Amino acid sequence: MAAYVVGHKNPDTDTIVSAIAIADLWSKRGIEASPIAQGPVNPETKFVLGKFGGTAPEVQTDATDKQIILVDHSDLAQSLDNLDKGEVVAVVDHHKLGDVTTSNPLEMWVWPVGCSCTVIKAMYDFYNVEIPANIAGMLMCAILSDTVMFKSPTCTPQDKEAVETLAKIAGVSEYMDLGVEMFKVKSAVDGTPAAELLMRDYKDFDMSGKKVGIGQLEVVDLSILEPYKEALYAEMEKLKSEGGHHSIFLLLTDIMKEGSDMLVLSDDPAVVEKAFGKGVDGKSVWLDGVLSRKKQVVPPFEKAFA
Ligand code: MN
Ligand code: MN
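About the thresholds
Residues numbered from 1 in each chain as written. Chains lettered and ligands numbered in written order. Predicted model: local features only at pLDDT ≥ 70, side-chain atom pairs only at ≥ 80, totals over all residues. Heavy atoms only, no water. Donors = N, O, S within 2.8 Å, 3.2 Å for Na, K, Ca; no water. Helix = DSSP H or I, 4+ residues; strand = E, 2+ residues; numbered from the N terminus. Buried < 20%, exposed > 50% of the residue type's maximum accessible area, 1.4 Å probe, protein only. Axes fitted to C-alpha atoms, helices over the stretch in contact; angles between N-to-C directions. Parallel < 35°, antiparallel > 145°, perpendicular 65-115°, else oblique. Left-handed = near helix turned anticlockwise from the far one by under 90°. Contact = heavy atoms within 4.5 Å. Nonpolar A, V, L, I, M, F, W, Y, C, P; charged D, E, K, R; others polar. Pairing = 2+ DSSP bridges.

### Things to note about the coordination of the manganese ion (ligand 1)
- Listed as protein donors to the manganese ion (ligand 1) are His 8 (NE2), Asp 12 (OD) and Asp 72 (OD); their distances from the metal cover 2.1 to 2.3 Å.
- Summarised as a motif, the one-chain spacing of the donors to the manganese ion (ligand 1) is H-x3-D-x59-D.
- In this model, the manganese ion (ligand 1) sits 3.4 Å from the manganese ion (ligand 2), the two metals being bridged by Asp 72. One end of the pair, Asp 12, is in the loop between β1 (3-6) and α1 (13-28); the other, Asp 72, is in the loop between β4 (67-71) and β5 (87-93), with 60 residues separating them in the sequence.
- Residue class for Asp 12 comes out buried when judged on its relative accessible area of 15%.
- For Asp 72, a relative accessible area of 1% puts it in the buried group.

### Concerning the packing of α1 against helix α3 (residues 116-126)
- Between α1 and α3, whose axes approach to 9 Å, the crossing angle comes to 15°. Here α1 is positioned roughly parallel relative to α3, judged by the angle of their axes. The two elements α1 and α3 cross, and the hand of that crossing is left-handed. Judged by residue contacts, Asp 14, Val 17, Ser 18, Ala 21, Ile 22, Asp 24, Leu 25 and Trp 26 of α1 engage Ser 116, Cys 117, Ile 120, Met 123 and Tyr 124 from α3.
- Split into classes, the residues belonging to the contact of α1 with α3 amount to 9 nonpolar, 2 polar and 2 charged.

### Quick word on the sheet that holds strand β3 (residues 58-59)
- On the basis of which strands lie adjacent, the open sheet formed by 6 strands has the order β3-β2-β1-β4-β5-β6 and parallel pairing. Strand pairing shows two members of the sheet lacking a second neighbour, β3 and β6 (107-110), which therefore form its edges.
- Pairing analysis gives 5 bridges linking β4 to β5, with the strands arranged parallel. Pairing of Ile 69 across the sheet is with Ala 90, part of β5.
- Lying on the sheet, α1 is in contact with β1, β2 (33-37), β4, β5 and β6; it crosses β2 at an angle near 170°.
- This element, α3, spans β5 and β6 of the sheet and lies at about 105° to β5.

Below, the structure is given as structure tokens:
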């Protein structure tokens, strides 16, 4: 049975590149595997694939009767439909362990590093498989993206080391320049509907039984998003009423100023003060130094909701 490699919903560059690379590595280990995705690729990923000759994985959303390798997530809420009707045979991730369970032993690579692709770089080394130059380039970009060019508090020395090595394999001398180019592509919101921007990097969480949505938009300058704020908030209201959320938060992250303006829509806005020690000013709150949803936003909210 062929295995399918899949990342989380609303795929980002790490999720897509991880699926492509793991399918490559598995194939070279003699196990048939194909990358799939739970949705279309975002503009940043499109840029990375274009740069290194990658192809966007086919979109599939159901796990029934499939062998599945999960990358960049292990939460049911982030995964394929009917995951229990398929078989999870491996997990490669860098998030907190989720609620996926299996009926058979599995291969599991979950490391506390800044990007799944950093783990995958080490897996290629472990299995003594040479990393193709184009895949090295994509892995390198995914690490620069997930770690916000090493600025995120999630970044570890392993991430930097992996980028250095991958850049050499890919033949990229000025990888930081490529990173800036990539973040400029990510920042371009011109003409994109607010609904699409809200969902671009959006995740639902279960926090003590409450449905909490947290989205994030990373830009090189927050003024890019200023004209969109009202429309984004209106989309948050729509999503909340349709999805039955307790709260929806949207991080508008300025990667140069290194902080986030968080739009807040909640049945109990006091959770923000509880989580960050700072109250909401109108519809939003500036969180200085906050770049990482995973490390700086989800844990304090989980505590505040508990
Ligand atoms: Mn991801
Ligand atoms: Mn990731």
